[in-house]
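Residue-level listing of the chains:
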Amino acid sequence: YKPSIAPEMDIMEYCIKEWRGNTPVAKKMKKGYEAVSQKFASIRRVRGDNYCALRATLFQALSQATQLPSWLQSEDFTMLPGKLLSKYDWIKQWQLKQKLGRKAGEISDEIKEYLMLLRKKWKNISEIKAPNEKQDACDELFKNEEEEYRLYEALKFLMLNTAIELYNDDKNGRRVPVFSWLLFARDTSSNPFQLMHNHLNQIGHSGGLEQVEMFLLAYALQYTIQVYRLYKYNTDEFITLYPNDPKEDWPVVTLITEDDRHYNIPVGMCQETML
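Worth saying up front: this structure is predicted, and the values here are computed from it rather than measured.

Chemist: I'd like to hear about the UniProt feature "active site" (unreviewed entry) in the chain, residue by residue, with values.
Modeler: As annotated by UniProt and renumbered to match this structure, "active site" (unreviewed entry) occupies Asp49, Cys52 and His262. Across 214 residues in sequence, these annotated residues keep their C-alpha atoms within 8.9 Å of one another, forming a single compact spot. Residue position: Cys52 is located in helix α3 (residues 52-63). The exposure class assigned to Cys52 is buried, which follows from its relative accessible area of 4%. Those residues within four positions of Cys52 in sequence are excluded, and the remaining contacts are Val46, Arg47, Arg261, His262 and Tyr263. Considering the arrangement of structural elements, one finds His262 in the loop between β5 (252-257) and β6 (263-269).

Okay, structure coming up:
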């Protein structure tokens with residue numbers, strides 16, 4: 001079984017290997033990679049199976065975690081599936097990977113297990129002090145296919161919970177971030193049920209995360225996701241932040257994409273000053 005995050009490779013070597021031609025697109029990509037290489041030395045390729053945005057974000061968050069986020073510490077964190085299912089019967093249609101047609105109780109128990117696994121892994125990895133040991137623990141986790149997919153189901157469920165909160169806030173006249181309007185302005189997700197049915201259930205199966213869902217992921221994790229979007233090189237959107245007005249106390253993870261569909265991970269921050 002191949003690990004889902006490939007080993008480090010020099011960022012410019014990777015670029016030259018991927019973009020050999022001299023087309024306008026290749027030139028733009030090379031310029032984009034050069035710009036990223038001012039900040040990061042290497043790149044790690046992420047397996048592309050429609051989970052790559054979740055995979056890259058979670059890997060980056062865990063590999064720099066030094067403590068358990070406050071939302072993961074709360075007492076009622078693992079009660080979330082039961083609580084939501086008691087209010088919203090339609091969550092029974094949540095589609096777990098390769099498992100369809102579940103009873104409500106089973107779904108609730110299973111997702112609760114996944115949330116507990118997320119908390120356990122995050123806690124264990126954040127307690128490792130030595131950077132190389134922390135990295136080894138992350139690599140090990142992302143070699144275990146079954147655990148990995150359980151963690152993505154947990155993330156998707158947290159995204160649904162966040163979407164429900166935003167939707168209800170908006171309906172009750174509370175202020176919501178702009179992306180929340182955009183999320184529910186789509187024909188395919190005018191409410192949380194449609195969002196689950198047409199989008200979240202498809203992640204990892206027939207589709208990945210769309211732009212507006214990157215905001216939702218950032219809000220669910222309370223992380224700022226900074227993305228180098230190489231095809232936007234030389235525009236204001238070359239470095240995009242999700243959300244674009246990040247909270248000051250949110251940690252930042254950095255990803256890299258050539259097309260807003262597949263995400264890889266830049267690693268090895270370059271020292272600004274060389275001795």
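Structure shown, so let's carry the discussion forward.
Chemist: Go over the sheet that holds strand β3 (residues 224-229) with me, naming the residues and quoting the values.
Modeler: Strand pairing in a sheet relies on backbone hydrogen bonds, with the paired strands running either antiparallel or parallel. Within the open sheet, the six strands sit side by side as β1-β2-β6-β5-β3-β4. Their pairing is mixed. Edge strands, defined here as strands with exactly one partner in the open sheet, are β1 (9-10) and β4 (239-242). Here four bridges tie strand β2 (residues 40-44) to β6, and the two strands are oriented antiparallel to one another. Following the sheet pairing, Phe40 is matched in β6 by Met269. Along the sheet, helix α2 (residues 24-37) contacts β2, β3, β5 and β6; its crossing angle with β2, the most-contacted strand, is approximately 120°.

Chemist: Could you give an account of the packing of helix α8 (residues 145-171) against helix α9 (residues 178-185), naming the residues involved and the relevant values?
Modeler: At a minimum axis distance of 10 Å, the contact between α8 and α9 shows a crossing angle of 100°. Here α9 runs roughly perpendicular to α8, going by the angle between their axes. Here Ala163, Leu166, Tyr167 and Asp170 of α8 come into contact with α9, specifically with Phe179, Ser180, Trp181, Leu183 and Phe184. Here the contact of α8 with α9 is built from residues that sort into seven nonpolar, one polar and one charged.

Chemist: Pulling in residues and values, what's your account of the environment of Leu160?
Modeler: Tracing the sequence through the fold places Leu160 in helix α8. It is 7.9 Å that separates the C-alpha atoms of Leu160 and Leu195, two residues lying 35 residues apart in sequence. Beyond its immediate stretch of four places on either side in the chain, Leu160 contacts Trp90, Ile91, Trp94, Pro192, Met196 and Leu200.

Chemist: Any details on the state of the cysteines? Residues and values, ideally.
Modeler: As enumerated under the stated definition, the model contains zero disulfides in all. Between Cys138, a cysteine without a disulfide, and Cys52, which holds the nearest cysteine sulfur, the sulfur-to-sulfur distance is 18 Å.

Chemist: Break down the pattern of salt bridges for me, citing the residues and quoting the values.
Modeler: Scanning all chains against the criterion turns up 17 salt bridges. Taking the shortest distance from any N to any O, the salt bridge between Glu18 and Lys17 comes out at 3.9 Å. A relative accessible area of 34% places Glu18 in the partly exposed class. Its relative accessible area of 45% is what places Lys17 among the partly exposed residues. Residues Lys232 and Glu237 are paired through a salt bridge, measuring 3.7 Å at the closest nitrogen-oxygen approach. Residue classification places Glu237 among the partly exposed positions, given a relative accessible area of 39%. When salt bridges that share partners are traced, they join Arg229, Lys232, Glu237 and Asp260 into one network.

Chemist: A description of unusual backbone geometry should follow, citing residues and the corresponding values.
Modeler: It is generally the case that most residues other than glycine have a negative phi and that most peptide bonds are trans. Between Tyr242 and Pro243 the backbone carries a cis peptide bond, its omega angle lying at -10°. Mapped onto the elements of the fold, Pro243 is located in the loop between β4 and β5. For Asn50, which is not glycine, the phi torsion reads 70° and is therefore positive. Structurally, Asn50 can be placed in the loop between β2 and α3.

Chemist: Kindly report on the environment of Glu213, identifying the contributing residues and their values.
Modeler: Relative to the elements of secondary structure, Glu213 occurs in helix α11 (residues 211-221). Once the C-alpha coordinates of Glu213 and Lys87 are considered, the two residues, 126 residues apart in sequence, prove to be 23 Å apart. Look past the residues within four positions of Glu213 in its chain and what remains in contact with it is Met159, Leu183, Arg186, Leu195, His199 and Gly208. In terms of polar contacts, Glu213 uses its side chain to reach the side chain of Arg186, at 2.9 Å.

Chemist: Hey, could you go over α8 for me, with residue numbers and the actual values?
Modeler: In this model, α8 (27 residues) spans 39 Å end to end at C-alpha, consistent with the 39 Å of a helix rising 1.5 Å per residue. Counted residue by residue, α8 has 19 buried out of 27 residues, so it is predominantly covered.

Chemist: Tell me what's going on with the environment of Gly32, and back it up with residues and numbers.
Modeler: If you trace the backbone, Gly32 turns up in helix α2. A relative accessible area of 0% places Gly32 in the buried class. Non-local contacts of Gly32, meaning those with residues more than four positions away in its chain, are made with Leu230, Tyr233 and Phe238.

Criteria and thresholds
Residues numbered from 1 in each chain as written. Predicted model: local features only at pLDDT ≥ 70, side-chain atom pairs only at ≥ 80, totals over all residues. Heavy atoms only, no water. UniProt positions renumbered as here; feature names shortened; annotations may be inferred. Helix = DSSP H or I, 4+ residues; strand = E, 2+ residues; numbered from the N terminus. Buried < 20%, exposed > 50% of the residue type's maximum accessible area, 1.4 Å probe, protein only. Contact = heavy atoms within 4.5 Å. Pairing = 2+ DSSP bridges. Axes fitted to C-alpha atoms, helices over the stretch in contact; angles between N-to-C directions. Parallel < 35°, antiparallel > 145°, perpendicular 65-115°, else oblique. Nonpolar A, V, L, I, M, F, W, Y, C, P; charged D, E, K, R; others polar. Disulfide = S-S within 2.5 Å. Salt bridge = Lys/Arg side-chain N within 4 Å of Asp/Glu carboxyl O. Polar contact = N/O pair within 3.5 Å; in protein donor to acceptor, adjacent residues only side chain to side chain. Expected span 1.5 Å × (residues − 1).

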